[in-house]
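For reference, the chains in residue letters:
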Amino acid sequence: MKTINHSLILPKKNIIRFVPKKNGRNAFFRQLGLCILIVIGVNACRSHKTAVTTTTPESTAFRSSCYPIESITVPKCKLEIFDGKKSLSLNGSIYIRPDSICYFSGKWLFFEMRGVIYRDSFAVVNYMDRVCYKGKNDYLQKITGYPVTPQSLLMLFTADRCEKVYKEEFDFMSVTGKSDKIMMQGKNRSLLEMSINTDDQTVENIVLYNSRQRQAIFSATYSRYNQYEQFTLPTVFDISAHDGKNPIRIKADFQQILFNQPQQINFNIPSKYKIVTLQ
């Protein structure tokens, strides 16, 4: 497999420190939110090797869906983004290597964006506005309530309910596991709820609630499951994120999915672009 070269070059000049205001989300959230939601809307696959997991009687709803993969590629997908009364259609693409990087891009007429999410940091470039937003993944976790890494996103995108990974990597503990519902609690007392179709055992939706009240932070509804080798995976997603004011919604339809394909990634930030650091 070829070596992945995903370089991130940042200019030394024109750097701005940005601290979000207390009231609501800032302008960045409207742009980065779209980027992150596009990533949330991505499908994925597994390899043909099965990892054996141990389940308890209380967690029988968890299935041994823990399949290690090298990478997944979605070269083409259709995205419809709704932000309040505004809407936008994009052609997107995704590459995910769960141990190191999630790369994504989207285009519509003169608008283009590209972004990377590493294990502990992220960067998103808006080529129309000539600006780059970057920061630590902790910032994204504050927005979503969910640990944001390439691996955690892969779990979410595939509707995977691998109990071992949720426990050991993301600090989610099973609260209840039934044939039609799984509930997990995070270390910050957030609540992750999965609804299961009892006929075919596929995930119908995932909802993440905040720690103080039963208010959804974001939700994902899955449909049109297709068979890929040994796996049945969703290809249509309906994603909603709630920032307390204007909800953002994305409908995603995936045209093609490639498994374990080597890919060369060169992610460079033009030297004259404004850099906005989020913290």
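Residues numbered from 1 in each chain as written. Predicted model: local features only at pLDDT ≥ 70, side-chain atom pairs only at ≥ 80, totals over all residues. Heavy atoms only, no water.

**Structural notes on the overall build of the protein chain**
Stated precisely, the cut-off is as follows: Only runs of H or I of at least four residues qualify as helices and only runs of E of at least two qualify as strands under DSSP, and these elements are numbered from the N terminus. Residue exposure (1.4 Å probe, protein chains only): buried if accessible area is under 20% of the type maximum, exposed if over 50%, otherwise partly exposed. Here a residue-residue contact requires only that any non-hydrogen atoms of the pair lie within 4.5 Å. Each accessible area is a Shrake-Rupley estimate made with a 1.4 Å probe; only the visible protein chains count as cover when residues are assessed.
Helices and strands together make up the secondary structure of the protein chain, namely four helices and 17 strands. When the 279 residues of the protein chain are sorted by exposure, 51% land in the buried category. In the protein chain, the share of contacts with a sequence separation of at least 24, taken over all contacts with a separation of at least 6, comes to 52%. Within the structure as shown, the protein chain displays about 14200 Å² of accessible surface, and the carbon and sulfur contribution to it stands at 48%.

**Digging into the packing of aromatic side chains**
Rules: Only centres within 6.5 Å qualify two rings of Phe, Tyr or Trp (six-membered ring in Trp) as a pair; their planes then separate them into stacked at under 30 degrees, edge-to-face at over 60, and tilted for everything else. Two limits define a charge over a ring: the Lys NZ or Arg CZ must be within 6 Å of the ring centre, and within 35 degrees of the ring normal.
Taken as a whole and assessed by the stated rule, the structure comprises five aromatic pairs. The interplanar angle of 65 degrees and the centroid separation of 6.0 Å between the aromatic rings of Y127 and Y273 together place this pair among those described as edge-to-face. With Y127 in the loop between β7 (121-126) and β8 (131-136) and Y273 in the loop between β16 (266-268) and β17 (274-278), this pair connects stretches of sequence that are 146 residues apart. The side chain of R249 reaches across the aromatic face of F82, ending 5.9 Å from its centre.

**Comments concerning the pattern of salt bridges**
Condition: Definition used for salt bridges: Asp or Glu carboxyl oxygen within 4 Å of a side-chain nitrogen of Lys or Arg.
Scanning all chains against the criterion turns up seven salt bridges. A salt bridge links D238 to R249, with the shortest nitrogen-to-oxygen separation between them at 2.6 Å. Residue D238 is located in strand β14 (residues 231-241), and its partner R249 is located in strand β15 (residues 248-259); the two are separated by 11 residues in the primary sequence. You can call D238 partly exposed: its relative accessible area is 22%.

**A few points about helix α3 (residues 150-157)**
Burial runs high along α3: seven of the eight residues are buried. For α3, the complete set of buried residues consists of P150, S152, L153, L154, M155, L156 and F157. Phi turns positive, to about 55 degrees, at A159, one or two residues after α3.

**A word on the confidence of the model for the protein chain**
Selection rule: How sure the predictor is of each residue is captured by pLDDT, a score from 0 to 100.
Averaged over the protein chain, the pLDDT score is 75; the fraction of residues at 70 or greater is 72%. Note on residues 1-29: pLDDT is under 50 here. Beyond four places in sequence and across chains, it has 70 contacts. Confidence over residues 38-61 falls short of pLDDT 50; this stretch has 83 contacts with residues more than four positions distant or in other chains.

**Things to note about the side chain of S71**
Worth spelling out the cut-off: Polar contact is the term for a pair of N or O atoms within 3.5 Å; when the atoms are in protein, one must be able to donate a hydrogen and the other to accept it, and sequence-neighboring residues count only if both atoms are side-chain atoms.
By secondary structure assignment, the location of S71 is in the loop between α1 (27-40) and β3 (72-83). The class for S71 is buried, based on a relative accessible area of 0%. Polar contacts involving the side chain of S71 include one to the main-chain carbonyl oxygen of Q261, which spans 3.4 Å.

**What about the nonpolar core?**
Here is the rule: The set of buried Ala, Val, Leu, Ile, Met, Phe, Trp, Tyr and Cys residues whose side-chain atoms join them within 4.5 Å is what this entry labels a nonpolar core.
Grouped together as the largest cluster of nonpolar side chains are 61 residues, with contacts concentrated most on Y146, Y166, L192, M194 and Y222. Contacts of L192, omitting those with residues within four sequence positions, involve Y146, Y166, F172, I182, M183, M184, I206, V207 and L208. Formed by 13 residues, the second largest nonpolar core is a distinct cluster that contains Y95, A123, V125 and C132.

**Thoughts on the pairing of strand β10 (residues 181-185)**
To keep it simple, the criterion reads: Strands qualify as paired when DSSP identifies two bridges or more between them.
Alignment of strand β9 (residues 173-177) against β10, held across four bridges, turns out to be antiparallel. Paired with T176 across the strands is M183, a residue of β10. As consecutive antiparallel partners, β9 and β10 are separated by three residues. In this structure, β10 lies alongside strand β11 (residues 191-196), joined through five bridges in antiparallel fashion. Residue pairing in the sheet places Q185 in a bridge with L191 of β11. Here β10 folds back onto β11, and the loop between the two strands holds five residues, one of which, R189, carries a positive phi near 70 degrees.

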